[in-house]
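Per-entry structural report
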Amino acid sequence: LGLQLRHLYIDIDRKRQLPEHHPIVLLDDKILSLFGGTRVAAVALEVKRGDIFTKKTLEKIQRITEAVLELPGVLPANVWSITQKKVKHLKASSDGVEITPLIGEIPDKPEDLDVIRARTLSDPLFTPLLVSKDGRIAAIVMDFEVGTPEKPGPKDPAIHAALEAIAAKERDTETEVHMGGIPVVLSLLDVYSRNMFLLFSIATLVIALIHYEAFRT
């Protein structure tokens, strides 16, 4: 049994646990093929003091977003952050509805940053999806291709490593950057599963020593 542990791996893919030809599964496959959503990941930028609505922090969010858009296998339509121009602010007026980018060009003036803060935190489309209610954390959300047998998508460890490299450039004494999502979790599970044989061997040895000490057998 112990020798076969090297072949053990962890698979939490729900697709492998469902009947692939069931109507609901087929419908789910079609929806996912059109809109994505199976390999969602997120990078969360957190400031240790104040909030994210400063020029320096908004520029960090913008750089992370731009770097994510360059990653292999990312779905550009499914990348979201408050600094993207496709993220709009809607305002009712006498002529109808004014639609403008939420941020557009990142301003320098404190009063302009105050306007962005008020716009963002008052809109339930952005809070808490892209910005926390207290304004201290901003998320960059993304999705990656699943791929096909002929053209596989990026591997989870590669996605995790790429996100970590992006995050490392933006961390400093005032800013922390966290990561999460399916690719990150699966990458960490892959690391732990590789150590399964070693951990099993250590556990077996410890149990044997305790058993010997207790029963001399």
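Refer to the preceding data block for the structure.
Structure report, in brief. (Residues numbered from 1 in each chain as written. Predicted model: local features only at pLDDT ≥ 70, side-chain atom pairs only at ≥ 80, totals over all residues. Heavy atoms only, no water.)

Focus: the overall build of the protein chain
Scanning the protein chain for helices and strands turns up 6 helices and 5 strands. Its helices and strands taken in sequence order, the protein chain reads α-β-α-β-β-α-β-α-β-α-α from the N to the C terminus. Relative to its length of 217 residues, the protein chain is extended, with a C-alpha radius of gyration of 23 Å against a globular reference of 17 Å. Dimensions of the protein chain, computed from C-alpha atoms along their principal axes, come out at roughly 85 × 50 × 25 Å. Restricting the contact set of the protein chain to residue pairs at least 6 apart, pairs at least 24 apart contribute 63%. Carbon and sulfur atoms form 64% of the exposed surface of the protein chain, whose accessible area is close to 14,000 Å². Between the mean site of the 27 positive side-chain charges and the mean site of the 30 negative ones, the protein chain shows a separation of 2 Å. (Helix = DSSP H or I, 4+ residues; strand = E, 2+ residues; numbered from the N terminus. Rg over C-alpha atoms; globule rule 2.2 N^0.38 Å. Contact = heavy atoms within 4.5 Å. Areas by Shrake-Rupley, 256 points an atom, 1.4 Å probe, with all protein chains shown as cover. Lys, Arg positive; Asp, Glu negative; His and termini not counted. Charge placed at Lys NZ, Arg CZ, Asp CG, Glu CD.)

Section: unusual backbone geometry
A cis geometry characterises the amide bond from Thr127 onward to Pro128, with omega recorded as 10°. Summarising the element assignment, Pro128 is placed in the loop between α3 (110-121) and β4 (137-143).

With respect to the sheet that holds strand β5 (residues 175-181)
Pairing in this open sheet of 3 strands is antiparallel, and the strands run β4-β1-β5 from one edge to the other. Strands with a single pairing partner mark the edges of an open sheet, and in this sheet they are β4 and β5. The sheet shows a mean angle of 15° between the axes of neighbouring strands, taken without regard to direction. Note that strand β1 (residues 40-47) and β5 share 7 bridges and pair antiparallel. Considered in β5, the bridge of Ala41 is made with Gly181. (Pairing = 2+ DSSP bridges. Axes fitted to C-alpha atoms, helices over the stretch in contact; angles between N-to-C directions.)

Some points on the side chain of Asp123
One can find Asp123 in the loop between α3 and β4. The charged side chain of Asp123 is buried without a salt bridge, its nearest counter-charge being Arg119 at 9.0 Å. For Asp123, the side chain forms a polar contact with the main-chain nitrogen of Leu125, separated by 2.8 Å. (Buried < 20%, exposed > 50% of the residue type's maximum accessible area, 1.4 Å probe, protein only. Salt bridge = Lys/Arg side-chain N within 4 Å of Asp/Glu carboxyl O. Polar contact = N/O pair within 3.5 Å; in protein donor to acceptor, adjacent residues only side chain to side chain.)

Details of the packing of aromatic side chains
Note on aromatic pairs: each is described by the distance of the centres and the angle between the planes. As enumerated under the stated definition, the model contains 0 aromatic pairs in all. Over the ring of Trp80 we find Lys86; its NZ or CZ atom is 4.0 Å from the centre of that ring. (Phe/Tyr/Trp six-rings, centres within 6.5 Å; stacked < 30°, edge-to-face > 60°. Lys NZ or Arg CZ within 6 Å of the ring centre and 35° of its normal.)

Structural notes on the packing of helix α2 (residues 55-69) against helix α4 (residues 156-170)
Relative to each other, α2 and α4 sit at 160°, their axes nearing to 10 Å. On the basis of their axis angle, the class for α2 and α4 is roughly antiparallel. Both α2 and α4 take part in a crossing whose hand is right-handed. On α4, the residues that touch Lys60, Arg63, Ile64, Ala67 and Val68 of α2 are Leu163, Ile166 and Glu170. (Parallel < 35°, antiparallel > 145°, perpendicular 65-115°, else oblique. Left-handed = near helix turned anticlockwise from the far one by under 90°.)

Thoughts on a nonpolar patch on the surface
On the surface, a nonpolar cluster with roughly 470 Å² of combined accessible area is contributed by Leu198, Leu199, Ile202, Val206 and Ile210. Secondary-structure assignment places Ile202 in helix α6 (residues 196-215). (Patch = residues over 30% accessible without salt bridge, like charges linked within 9 Å, V, L, I, M, F, W, Y side chains within 5 Å.)

Notes on the nonpolar core
By size, the foremost hydrophobic cluster in this structure holds 33 residues, and its most contacted members are Ile52, Ile61, Val68, Ile82, Met142 and Leu163. If near-sequence neighbours (up to four positions away) are discounted, Met142 is found in contact with Arg39, Val40, Ala41, Ala42, Val43, Val68, Val74, Asn78, Val79 and Leu163. (Core = buried A, V, L, I, M, F, W, Y, C linked by side-chain atoms within 4.5 Å.)

A look at the pairing of β4
Across the 7 residues of β4, 5 count as buried, placing the element largely inside the fold. Relative to β4, β1 runs antiparallel, the two sharing 7 bridges. If you follow Ala42 over to β4, its bridge partner there is Val141.

Details of the pattern of salt bridges
Taken as a whole, this structure holds 15 salt bridges when the rule is applied. For Lys60, the salt bridge goes to Asp172, with nearest N and O atoms at 3.0 Å. You can see Lys60 sitting in helix α2 and its partner Asp172 sitting in the loop between α4 and β5, a full 112 residues away along the chain. Judged by relative accessible area, which is 24%, Asp172 ranks as partly exposed. Arg63 is the partner of Glu170 in a salt bridge, and the nearest nitrogen-oxygen pair spans 2.9 Å.

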